[in-house]
Amino acid sequence: MSPTAQQDKLLLPFLTLATSLFLLLDLVGMLQWFKNFRSYLMFPIHTLSSSIVTNTGLLTTSILQNNSIKMQNLLLKERILELESENSKLQKEIAEFPKFAEYQKTLGLHSYQQTVTAQILDIRVNTIEGTLLLNKGSNDGAKVGMPVIYNNYYVCSLIEVRSADSLCLSFIVPGQEFIGYIPSKKITGIVKIGINGMVLGDLLATEKVSLKDAVSMKKEDFPYFFTLGTISEVPPDDGSAERKAVLDSPLRLSELLYVTIVVK
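To start, this report covers the structure provided alongside it. Residue positions within a chain follow its written sequence, with the count starting from 1. Local features in this predicted model are restricted to residues of pLDDT 70 or higher, and side-chain atom pairs are both shown and tallied only at a pLDDT of 80 or more, whereas totals for entire chains, interfaces and linings draw on every residue. Each side-chain value is worked out from all heavy atoms of the structure, with water and hydrogens disregarded.

**Structural notes on the overall build of the protein**
Secondary structure summary: the protein contains two helices and twelve strands in total. To sort residues, take the accessible area from a 1.4 Å probe on protein chains only and compare it with the maximum for the residue type: under 20% means buried, over 50% means exposed, and anything in between is partly exposed. Counting only residues that meet the buried cut, the protein has 28% of its 264 residues in that class. Summarising the internal contacts of the protein: among those between residues at least 6 apart in sequence, 54% fall at separations of at least 24. Per-residue and other accessible areas follow the Shrake-Rupley method at a 1.4 Å probe size, with only the shown protein chains counted as cover for residues. With the model as given, the accessible surface of the protein reaches about 17,700 Å², and the carbon-plus-sulfur share is 60%. By definition, any uninterrupted DSSP run of H or I lasting at least four residues is a helix, any uninterrupted run of E lasting at least two residues is a strand, and each is numbered from the N terminus. Here, two residues are considered to be in contact whenever any of their heavy atoms come within 4.5 Å of each other.

**Regarding a nonpolar patch on the surface**
Side chains of Met 71, Leu 74 and Leu 75 sit close together on the surface and give an oily, nonpolar patch of about 300 Å² of accessible area. Turning to its location among the elements, Leu 75 is positioned in helix α2 (residues 32-106). A relative accessible area of 48% means that Leu 75 is categorised as partly exposed. Patch construction takes residues with relative accessible area above 30% that form no salt bridge. Like charges are linked within 9 Å, and nonpolar side chains (Val, Leu, Ile, Met, Phe, Trp, Tyr) are linked within 5 Å. Throughout this description, the term salt bridge denotes a Lys or Arg side-chain nitrogen within 4 Å of a carboxyl oxygen of Asp or Glu.

**Describing the pattern of salt bridges**
Following the criterion strictly, the structure yields five salt bridges and no others. Lys 185 is paired through a salt bridge with Asp 213; the nearest N and O atoms lie 2.9 Å apart. Note that Lys 185 is positioned in the loop between β6 (177-182) and β7 (187-194) and Asp 213 in the loop between β8 (197-203) and β9 (214-217), a separation of 28 residues in sequence. Residue Lys 185 is classed as partly exposed on the basis of its relative accessible area of 33%. Of the residues examined, Asp 213 reaches a relative accessible area of 11% and is grouped as buried. The partner of Asp 248 in a salt bridge is Arg 252, and the shortest N-O contact between them spans 3.7 Å. A relative accessible area of 36% places Asp 248 in the partly exposed class. Residue classification places Arg 252 among the partly exposed residues on the basis of a relative accessible area of 38%.

**Side note on the environment of Asp 221**
If you trace the backbone, Asp 221 turns up in the loop between β9 and β10 (226-233). Look at Asp 221 and you get exposed, because its relative accessible area is 74%. Taking the C-alpha atoms as reference, Asp 221 lies 8.4 Å from Lys 264; in sequence the two are 43 residues apart.

Without other data, these values stay purely geometric and don't point to any function.
Next comes the structure, spelled out in structure tokens:
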């Protein structure tokens, strides 16, 4: 047997004897000094490790809480923006309510088969004063050529219709012509719109018009008369063949917010 093998064979009994002796001395209390010495040496290490674990936990908690606070702040800012937007919308609706209430009073005063209420979004589309943008389109039944009114007063006709909005040319845009009627006197003339307003022309010398006479017009495919305005200046009674009366509409586009599209 080699010396190394003999040493390995003797090592096991020695370790067993040493372990038994150590346990015996511990039982009889002779190793208390060793425990105290061990505690004295291990205390700083234990304290340091405990401090590291505690501080690491606090740091992790702080980071998580800080991230959580940042997220809450972002959510609060988003909510504040939402509330400000809702408040702005509410304030706008409150400001518009009197005009809508006034508009509602005009509904039902005239017998139309089908109408659609529209809101005016702009009165100067493409820099052309009197070209209106409405918030209703083909999805709502609107079609090109349909008249737009306010309390039976003619406002405009639809010239372009998209799915969700439409454009119309109002009565103040120069270059338009209509056949004008004074139903109460059975008088017919041509209404021309110029830069100075509306004029009813082609009046015969025998056709007498008066101040405040209402002048109406009709749209093709619609059986209704829509009022263009009233006569504010009568032609001179001089027998001239070019007699003209000046018309004035009570509508002011800048004051309108809601109008009615006559569908049929």
